[in-house]
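Listed below are the residues making up each chain.
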Amino acid sequence: MSDYFQANFPLQSVAVTKGAVRNPQIDTNATSQNVAETIAEAASDRKAGDILLLRVADVSYLADYFVVMTGYSRVQVRAIADAIEDKVQQDWQRRPLRVEGKTEGNWILQDYGDVIVHIMMPKEREFYNLEAFWGHAEHIEFPTSDDGGGKQT
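First things first, this report covers the structure right here in the doc.

### A closer look at the packing of aromatic side chains
Right, so step 1: A full pass over the atoms with the stated rule returns 4 aromatic pairs.
Right, so step 2: Taking the centre distance of 5.2 Å and the plane angle of 85 degrees together, the rings of Phe 66 and Trp 134 count as edge-to-face. Placement of Phe 66 in strand S2 (residues 65-70) and of Trp 134 in the loop between helix H5 (130-133) and strand S6 (138-141) is noted, with a sequence separation of 68 residues between them. The two residues Phe 66 and Trp 134 agree in class, both being buried.
Right, so step 3: Ring pairing ties together the aromatic residues Phe 66, Phe 133 and Trp 134, which thus form one cluster.

Spelled out as structure tokens, the structure:
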């Protein structure tokens with residue numbers, strides 16, 4: 001049994017420099033906000049409706065941001081999800097940690113760790129009313145091209 005353990009442990013010790021893990025220091029809140037804005041832009045490109053960014057970092061340990069939006073058909077909900085995955089992969093080299101609901105297409109949840117995306121059909125969005133549930137979080141409206149706001153520059 002001791003041969004097994006010896007074979008799996010390195011023979012040389014590894015030097016660890018104190019503080020190496022924290023360098024370079026990254027403002028994770030700014031990065032989370034940028035990822036959330038990238039997600040909102042990708043959703044807007046696929047004509048998602050009522051895009052809302054909720055900054056939940058101060059009120060929840062689940063994530064820094066929720067991005068909530070409406071898709072008006074199951075096909076559109078899936079297309080929005082695919083566009084978000086492609087854009088975040090392209091811009092941030094990140095894939096979602098977990099995706100739920102893609103098969104059904106009524107409510108797709110994408111978990112990026114610090115940002116959680118909810119793409120919902122109108123009935124699901126009205127029924128679950130995440131905006132009211134997270135009403136104490138900071139609401140950040142994202143103007144879409146239909147609103148006349150277009151992309152933020």
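From this point on, the discussion continues.
### Some remarks on the side chain of Ser 60
Right, so step 1: With respect to the helices, strands and loops of the structure, Ser 60 is situated in the loop between strand S1 (49-55) and S2.
Right, so step 2: A polar contact is formed between the side chain of Ser 60 and the backbone nitrogen of Leu 62, at a distance of 3.0 Å.

### Describing the nonpolar core
Right, so step 1: Ile 39, Ile 51, Val 67, Met 69, Ile 84, Val 115 and Ile 119 are the most contacted members of the largest nonpolar core, which totals 24 residues.
Right, so step 2: Of all the elements in the fold, those that place two or more residues in this core are helix H2 (28-45), S1, S2, helix H3 (74-92) and strand S5 (115-120).
Right, so step 3: Element by element, the count of residues in this core is highest for H2, at 6 residues.
Right, so step 4: Counting 11 residues, the second-largest nonpolar core is a separate cluster that includes Leu 52, Val 68, Ile 116 and Ala 137.

### Here's the deal with the pairing of strand S4 (residues 107-111)
Right, so step 1: Covered by surrounding structure in S4 are Ile 108 and Gln 110 only, the residues Trp 107, Leu 109 and Asp 111 on the alternate face being uncovered.
Right, so step 2: Examined bridge by bridge, strand S3 (residues 98-100) and S4 share 3 bridges and lie antiparallel to one another. Looking at S4, one finds that Arg 98 is bridged to Asp 111.
Right, so step 3: Remark: 6 residues form the turn of the hairpin made by S3 and S4, two consecutive strands paired antiparallel; Gly 101 in that turn has positive phi of roughly 90 degrees.
Right, so step 4: As paired elements, S4 and S5 share 5 bridges and run antiparallel to each other. Looking at the pairing, Gln 110 lines up with Val 117 of S5.

### Remarks on the sheet that holds S6
Right, so step 1: Across the sheet, which stays open at both edges, the 6 strands sit in the order S3-S4-S5-S2-S1-S6 with mixed pairing between neighbours. Of all the strands in the sheet, just S3 and S6 have a single pairing partner and so form its edges. Averaged over neighbouring strand pairs, the angle between their axes works out to 15 degrees when direction is ignored.

### Comments concerning H3
Right, so step 1: Between its first and last C-alpha, H3 extends 27 Å over 19 residues, near the 27 Å set by a 1.5 Å rise per residue.
Right, so step 2: If you check which residues of H3 are buried, you get Gln 76, Val 77, Ile 80, Ala 81, Ala 83, Ile 84, Glu 85 and Val 88.
Right, so step 3: Following H3 by one or two positions, Gln 93 adopts a phi angle in the positive range, close to 55 degrees.

### Points about the side chain of Arg 55
Right, so step 1: Positionally, Arg 55 belongs in strand S1.
Right, so step 2: In terms of polar contacts, Arg 55 uses its side chain to reach the side chain of Asp 58, at 2.7 Å.

### Here we look at the environment of Gly 49
Right, so step 1: As for its position among the elements, Gly 49 is in strand S1.
Right, so step 2: Linking Gly 49 and Thr 70, residues 21 residues apart in sequence, is a C-alpha distance of 4.8 Å.
Right, so step 3: Among all residues touching Gly 49, those that are not within four sequence positions of it are Met 69, Thr 70, Tyr 72 and Arg 125.

What counts, and at which threshold
- Residues numbered from 1 in each chain as written.
- Predicted model: local features only at pLDDT ≥ 70, side-chain atom pairs only at ≥ 80, totals over all residues.
- Heavy atoms only, no water.
- Phe/Tyr/Trp six-rings, centres within 6.5 Å; stacked < 30°, edge-to-face > 60°.
- Helix = DSSP H or I, 4+ residues; strand = E, 2+ residues; numbered from the N terminus.
- Buried < 20%, exposed > 50% of the residue type's maximum accessible area, 1.4 Å probe, protein only.
- Polar contact = N/O pair within 3.5 Å; in protein donor to acceptor, adjacent residues only side chain to side chain.
- Core = buried A, V, L, I, M, F, W, Y, C linked by side-chain atoms within 4.5 Å.
- Pairing = 2+ DSSP bridges.
- Axes fitted to C-alpha atoms, helices over the stretch in contact; angles between N-to-C directions.
- Expected span 1.5 Å × (residues − 1).
- Contact = heavy atoms within 4.5 Å.

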